Amino acid sequence: MTTTATAASRCRAIRAMSTDRGGHGASDALFARAQRVIPGGVNSPVRAFRAVGGTPRFIARAEGPYLWDADGKRYIDYIGSWGPMILGHGHPAVLEAVQRAARDGLSFGAPTEREVELAEEILKLVPSVEQIRLVSSGTEAAMSAIRLARGATGRAKLIKFEGCYHGHADALLVKAGSGLATHGHPTSAGVPPEVVQHTIVLEYNNVEQLDEAFALQGSEIACVIVEPIAGNMNFVRASLPFMQRLRELCTAHGALLIFDEVMTGFRVALGGAQSLFAQALPGFVPDMSVFGKVIGGGMPLAAFGASRRIMENLAPLGPVYQAGTLSGNPVATACGLATLREIQRPGFFDTLAGNTRALVAGLLGAARDAGVPMCGDSLGGMFGFFFTRSVEDMLPQNYGEVMATDKERFNAFFHAMLDRGVYFAPALYEAGFVSAAHGEAEIAATHAAAREALADVAAFAAQAGEERRP
Ligand SMILES: Cc1ncc(COP(=O)(O)O)c(C=O)c1O
């Protein structure tokens, strides 16, 4: 048997042993039906469970920290729609704001007072941003921010980091070339190599590569876009020396530093990841910021912002074109505003961060007790955990290290938890999210499920080890 086949059969065996309470026949039927009319049965690839195998659960409804699938089974939700649901599902203040806004009209294609209010609210919480433009998705926001950076600097090149995701604009679907002087390669069919010729891909947290790239091409670099805490390779913090050097190099070479805070904004702290870097590195600010997820509270809304000097390059004031039929949609802005107001309540982030830390600490404790090597980390309401190869392994610092962690154990754990009613993200390279609706009861239930699940994972790992012995 090949290693992959062995791994797959071990995962299947672990899944077979776990107690799937309730089954998922309705999701199976819906998935079969969906695959006839929607490519892969899903409208965004990670939802298809390809990384972990099995049938994606079709969700029927949600409330507080819980989801219910089409079979009526309840799950504790640690995905939170991939980040937006920081208040949990169906928060009364948010629902009321959305219902009231919907009654007044779904879309006007004309300016509204609420867009101004939302912009003012974001600016109040993020001092580096003097003006902001609202759009409908994180992809659109990151793509527009890069166009603006290129227009404002008159340069073409951009730097991104391996493992960071900034949406699916052509120029960003790139993996590193063979060396710093070579072009990156498209990671998607349909992206011509010429389209990514200006994209330089570097390793996250690698100061030497940064120095080298700026030394080689500094005068041509329009911008560097970075997830300040990477949530698209599980959960990896940018180190302080890396961030400090990045800031210095951008300033020295006239390149704009773009913080993609689509995931971290209003999630790791009220002022986003940039407020945490400013605490550690006094005076630190990015030049531009991209937001999404929490600022829409679960509705399609995202934004990009910067100083007035940079933003005035945008149409209708300046030569950089950007537009959107549904930008600043009245219902989405109502949802976002209500969400941003709730997260400003005193103590909100202290409680959220405390619960998230407790969640991760309990998972790590359960893993230790089961003899399964695991490490994890969190900030605010965002977290990650990794099945490492040995107990000595530290938290991964870049994409290569994340992908070297134990995918087989992650997948087995994912399914064992799903069967026990705990819904973590279905891929080892995704971050997790805790909401204000998750309380002690949900966290304790998660720990109890994890103790059972990790015992299964450990037992099968030991058995597989025995079988491999001659
Ligand atoms: C950091 C980051 N930037 C951009 C995006 C793209 O956002 P959207 O999916 O709304 O297009 C995502 C999506 O997960 C993200 O995590």
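The residue count restarts for each chain, going from 1 along the sequence in the order it is written. At least 70 in pLDDT is required for a residue's local features to be given in this predicted model, at least 80 for side-chain atom pairs to be given and counted, and no such filter applies to totals for whole chains, interfaces and linings, which use all residues.

Caption draft 1: Quick peek at the sheet that holds strand β15 (residues 374-379). At least two DSSP bridges between two strands are required for those strands to pair. For helices the rule is a DSSP run of H or I covering at least 4 residues; for strands it is a run of E covering at least 2, with both sets numbered from the N terminus onward. Reading across the sheet, the three strands line up as β15-β16-β18 and stay open at both edges, with antiparallel pairing between neighbours. Taken across any chain shown, the strands that pair with only one partner, and hence form the sheet edges, are β15 and β18 (432-433). Bridge count for β15 against strand β16 (residues 382-387) is six bridges, and the pairing is antiparallel. Among the inter-strand pairings, Gly376 is bridged to a residue of β16, identified as Phe385. Residues are treated as contacting if the C-beta atoms built from their backbones sit within 7 Å of each other. Angles here are taken between N-to-C directions and fall from 0 to 180 degrees, while the axes themselves are lines fitted to C-alpha atoms, restricted in helices to the stretch in contact. Lying on the sheet, helix α11 (residues 348-370) is in contact with β15 and β16; it crosses β15 at an angle near 175°.

Caption draft 2: Layout of the packing of helix α3 (residues 92-104) against helix α10 (residues 330-342). Viewed as axis vectors pointing N to C, α3 and α10 meet at an angle of 155°, and their least axial separation amounts to 8 Å. When the axes of α3 and α10 are compared, the pair comes out roughly antiparallel. Handedness of the crossing formed by α3 with α10: right-handed. Within the contact between the two elements, α3 uses Ala93, Val94, Ala97, Val98, Ala101, Ala102 and Asp104 and α10 uses Pro330, Val331, Ala334, Cys335, Leu337, Ala338, Thr339 and Glu342. An angle counts as roughly parallel when it lies under 35 degrees, as roughly antiparallel when it exceeds 145, as roughly perpendicular when it falls between 65 and 115, and as oblique in every other case. Put simply, a crossing is left-handed when the front helix is turned counterclockwise from the back one by less than a right angle, and right-handed when it is turned clockwise.

Caption draft 3: Highlighting the sheet that holds strand β1 (residues 59-63). As summarised here, the arrangement of the four strands in space is β1-β2-β3-β17, forming an open sheet in which the pairing is mixed. The sheet terminates laterally at β1 and β17 (422-423), the two strands that pair on one side only. Across two bridges, the pairing between strand β3 (residues 74-77) and β17 is parallel. Across the sheet, Ile76 pairs through a bridge with Val422, a residue of β17.

Caption draft 4: Structural context of the site of the ligand. Taken together, 16 residues lie near the ligand, and Ser137, Gly138, Thr139, Gly167 and Val262 sit nearest. Broken down by element, the residue count for the shell around the ligand peaks at three residues, all from helix α5 (residues 138-153). The nonpolar class holds Ala, Val, Leu, Ile, Met, Phe, Trp, Tyr, Cys and Pro. Asp, Glu, Lys and Arg form the charged class, and all remaining residues, Gly among them, are polar. In terms of residue class, the shell around the ligand is built from six nonpolar, eight polar and two charged. Should the C-beta atom of a residue, placed from the backbone, lie within 6 Å of a molecule or strand, that residue is near it.

Caption draft 5: Looking closely at the pairing of strand β4 (residues 131-135). Partly exposed residues are those whose C-beta has more than 12 but fewer than 20 other C-beta atoms within 10 Å; 20 or more makes a residue buried and 12 or fewer makes it exposed, with C-beta atoms placed from the backbone. By the criterion of burial, β4 is predominantly enclosed, with four of the five residues buried. For β4 and strand β14 (residues 302-306), the ladder comprises five bridges, and the chain directions are antiparallel. Bridged to Arg133 within β14 is Phe304.

Caption draft 6: Region of the structure containing the domain arrangement of the protein. Each domain's extent is set by a domain assignment, obtained either automatically or from a database. Segmenting the protein into domains produces domain 1 (3-86 + 346-468) and domain 2 (92-342). If you average the C-alpha positions of domain 1 and of domain 2, the two centres end up 28 Å apart. At the interface, 23 residues of domain 1 touch 26 residues of domain 2. Taken together, the elements giving at least two residues each to the side of domain 1 that touches domain 2 come down to β15, β16 and α12 (399-403). Looking at the side of domain 1 that touches domain 2 element by element, the count peaks at four residues for β16. Among the residues making up the side of domain 1 that touches domain 2, the classes are represented as 14 nonpolar, seven polar and two charged.

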